[in-house]
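Listed below, chain by chain, are the residues.
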Amino acid sequence: MADLLNGIPRVDPTSRPGIMRRAAGRALETKLGSTAHRRLIAPLDGPLMRLSGGRLNFAKGILPLVVLRTTGARSGQPRDVPLGYFTDGDDVILIASNYGQAKHPAWYHNLLKNPHCELFADGRPDRGGRFVARPTEGADHDRLFALAEGYASNFKSYATQTRGVRTIPVMRLAPET
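In this text, all values refer to a predicted model and were calculated from it rather than measured experimentally.

Caption draft 1: Structural view of the packing of aromatic side chains. Counted under the stated rule, the structure contains 4 aromatic pairs. Ring geometry for Tyr-99 and Tyr-158: centres 6.3 Å apart, planes at 65 degrees, overall edge-to-face. Of this pair, Tyr-99 sits in the loop between β6 (91-95) and α3 (106-113) while Tyr-158 sits in helix α5 (residues 154-162); the two residues are 59 residues apart in sequence, bridging distant segments of the chain. Geometrically, the ring pair formed by Phe-145 and Phe-155 is edge-to-face, given 6.3 Å between the ring centres and 70 degrees between the ring planes. Taken together, the residues Phe-145 in helix α4 (residues 138-151) and Phe-155 in helix α5 connect sequence positions 10 residues apart. Since its relative accessible area comes to 10%, Phe-145 is described here as buried. The exposure class of Phe-155 is buried, given its relative accessible area of 15%.

Rules used in this analysis
Residues numbered from 1 in each chain as written. Predicted model: local features only at pLDDT ≥ 70, side-chain atom pairs only at ≥ 80, totals over all residues. Heavy atoms only, no water. Phe/Tyr/Trp six-rings, centres within 6.5 Å; stacked < 30°, edge-to-face > 60°. Helix = DSSP H or I, 4+ residues; strand = E, 2+ residues; numbered from the N terminus. Buried < 20%, exposed > 50% of the residue type's maximum accessible area, 1.4 Å probe, protein only.

Listed below in structure tokens is the structure:
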């Protein structure tokens, strides 16, 4: 299907944000909102997606989610994390913002060490496939991050919070051939 990319639905980052995505972005721009999401909501998304067979998550109808399965950089064990995403051409794009914190998220380090990974649409093991990740650089990174900022306004505040501390990585995941 043309609207799927290795089992993952394509997401147009230039689509006009609806009222719920705008509200979620504004909430995540605040320290309280991003902390609440990071500590309370995000940890529940994975179990909720598993228990509901992918039918439910806290971002349902607001932001499409995938579950990224990586191999732990230190442990070598499989690690699953739900993430928002969008697509660019034939690649899935993930932003390693970590809510604007000073450190990169663990999944980013996992992908750098072990770029072969899996993505599951809404966390469903029957909807997804294998991908190979690579970090973006230069103009490609800047263009994709600008798309992310337009897609979800919280990325602008995350970039401000990390300015001078770290550059937020943008990962490009290509279907494994």
